[in-house]
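Structure at a glance
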Amino acid sequence: MTTSTATATGIPAVRPYESYVYAYPHKTAYRPLPERPALRELWAAERKDALSLYLHIPFCEVRCGFCNLFTRIGAPEELTTRYLDALDRQAVAVRDALGDDGPVRFAAAAFGGGTPTFLTAGELERLCDIAEKRMGADLRAVPLSVETSPSTATADRLAVLADRGTTRISIGVQSFVDAEAKAAVRPQRRAEVEGALGRIRDARIPVLNIDLIYGIDGQTERTWLTSLDAALAWRPEELYLYPLYVRPLTGLHRLGAGVTGPEAEALEQAAWDEQRLRLYAVGRDHLLAHGYEQVSMRMFRRADAPQEGPEDYACQTDGMIGLGCGARSYTSALHYSFDYAVDMREIRSIIDSFTATQDFSRAEVGRYVDEEEARRRHLLQSVLQAAGLPVADYRARFGTDPWADFPAELAEFAARGWLDEGAPEGLLRLSPPGLAHSDALGPALFSPGVRAAMAAYERK
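Everything numeric here is computed off the predicted structure, so don't read it as measured data.

Let us look at the overall build of the protein chain. If you tally the helices and strands in the protein chain, you get 17 helices and 19 strands. Residue burial in the protein chain is summarised as follows: out of 460 residues, 56% are buried. For the protein chain, the share of sequence-separated contacts (at least 6 apart) that also reach a separation of at least 24 residues comes to 76%. Carbon and sulfur atoms form 53% of the exposed surface of the protein chain, whose accessible area is close to 19000 Å².

What follows is the structure in structure tokens.
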């Protein structure tokens, strides 16, 4: 756990924003797999009756300044067609690897990116066909979540998604204040955002999620409340509140945003951390006062809204089939994907390699997950939820107790006041300060091996 100065209690202070733990182990801990194991062997002993399916579309119309996702701007020379062709070949190979010796069923599906709605309406039809006809997923019978953007949430695309069974649409707005969107290097106007939200509501997709970001340069409590209230006017079933990060190789990092210089770094970082913590509390309290329930540090759900998709951090679940060059797949013993990059030239090269691939029958890049890592992952994905971890569930899976497996980490969390002392017996749950520090608490649970692999990763 990265520390700064000591607190009044003598416990070293921590940076509240180490990193967002949306997957463990992180892709920067993956490495090329020398043996290139066959997918058929990897999935032979796995349960396949409640799989999750994720299709990754690595294209966007623009790249926001804060974005470090695996995506490229535009798709020249029929690249989307070539990409969908490759996705089709991959789906055939993966479905063949799953075999027919037992039931193969999908319990949830998602299209992410990038921006899936960068594809045309016709291409979205083909994407759904790949999920259904190649993989066997019944999109109208399971929760289907799709990501979109203001400029690509057009009526014809939304009509396709609604017709094919989409139950949740997630739109990245980030800010309803034009000056803040510009500061985040996100070219959009509020009128464009409002128009997109109107079209989404007209499509009658059951769950609307709106993403907002706090910690933008120049953002104040007043402007943050402006964005929150603008979002609430649409009565979204879900809202995600993300702290801004300035990560290496992103647009904001290249522009010199965030903290630079050894002398000023501590002061600048402390001020930015304080701003983000303050705005987080403002946003959390505002949503709670408006009838929303907190699901995690980032996720809030309207109390009367239907749950039409998996919980936050659901991508952690074993039994994940990822299709596309930026997608992860999870078996109980191996997490695997393709090469990872943030730099645009590297991403283009990886996408080009993916579209030229003919044989998708083997895993190329990944990391094996042993029993200790499985315990860490289970603890992480559970305790970062506001509902907490039922200790009985952990004990049933591993035959041990989390306090026995992670005594030092949990003792430190307790000393910091991050654990809820008033939780019911048998429930390991974070306190409100603990939830606020999820981005410090999560990385503190990384194993030494994963830490070393992430530190040794060569950014590209």
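This is not the end of the story, as more comes after the structure.
Three or more residues of helix H12 (residues 391-398) are buried, namely Val391, Tyr394 and Phe398. What you see down the axis of H12 is that its buried residues fit within an arc of 60°, all on one side. Considering only its buried residues, H12 is in contact with helix H11 (371-383), strand E18 (389-390), helix H13 (402-405) and strand E19 (427-428). Glycine 399 lies just past H12 and shows a positive phi near 75°.

Leu53, Leu87, Leu212 and Ile321 are the most contacted members of the largest nonpolar core, which has 114 residues in total. Looking at which element gives the most residues to this core, the answer is helix H2 (residues 79-98), with ten residues. Not counting the four nearest positions on each side in its chain, leucine 53 is found in contact with Phe106, Ala108, Ala109, Ala110, Ala131, Met135, Ala137, Ile321 and Leu323.

This part takes up the side chain of histidine 286. Among the structural elements, histidine 286 can be located in helix H9 (residues 262-289). Within the structure, histidine 286 has its side chain in polar contact with the side chain of aspartate 229 (distance 2.6 Å). Excluding residues that lie within four positions of it along the chain, histidine 286 makes contacts with Leu225, Leu228, Asp229 and Leu232.

In this section: the packing of aromatic side chains. Counting across every chain of the model gives 16 aromatic pairs. Between phenylalanine 354 and phenylalanine 360, the ring centres sit 5.2 Å apart and the planes meet at 55°, which makes this aromatic pair tilted. Put simply, the rings of Phe59, Tyr83, Phe118, Phe338, Phe354 and Phe360 pair up and form one aromatic cluster. Between the NZ or CZ atom of arginine 377 and the centre of the ring of tyrosine 330, over which it lies, the distance is 5.0 Å. Sitting above the plane of the tryptophan 418 ring, arginine 416 keeps its charged end 5.5 Å from the centroid.

The rules we used
Residue indices begin from 1 for each chain and proceed along its sequence in written order. In keeping with the predicted nature of the model, local features appear solely for residues at pLDDT of at least 70, side-chain atom pairs appear and are counted solely at 80 or more, and the whole-chain, interface and lining totals rest on all residues. In computing side-chain properties, one takes all heavy atoms of the structure into account and sets aside hydrogens as well as water. Strands here mean DSSP runs of E at least two residues long; helices mean DSSP runs of H or I at least four residues long; both are numbered from the N terminus. Think of it in three bands: with a 1.4 Å probe and only protein chains considered, a residue is buried below 20% of the maximum accessible area for its type, exposed above 50%, and partly exposed in between. Contacts are residue-level and defined by heavy atoms, with any inter-residue pair within 4.5 Å sufficient. Note on areas: these come from Shrake-Rupley sampling with a 1.4 Å probe, and a residue is covered only by the protein chains present in the view. Note: the arc covers the axis-to-C-beta directions of the helix. In these notes, a set of buried Ala, Val, Leu, Ile, Met, Phe, Trp, Tyr and Cys residues joined through side-chain atoms within 4.5 Å is what counts as a nonpolar core. Counting of polar contacts relies on pairs of N or O atoms within 3.5 Å, with two restrictions inside protein: one atom must be capable of donating a hydrogen and the other of accepting it, and residues adjacent in sequence are counted only when both atoms are side-chain atoms. Here a pair means two rings of Phe, Tyr or Trp (six-membered ring of Trp) with centres within 6.5 Å. Their orientation is stacked below 30 degrees between planes, edge-to-face above 60, and tilted elsewhere. Definition used: whenever NZ (Lys) or CZ (Arg) falls within 6 Å of the ring centre and also within 35 degrees of the ring normal, the charge is taken to sit over that ring.

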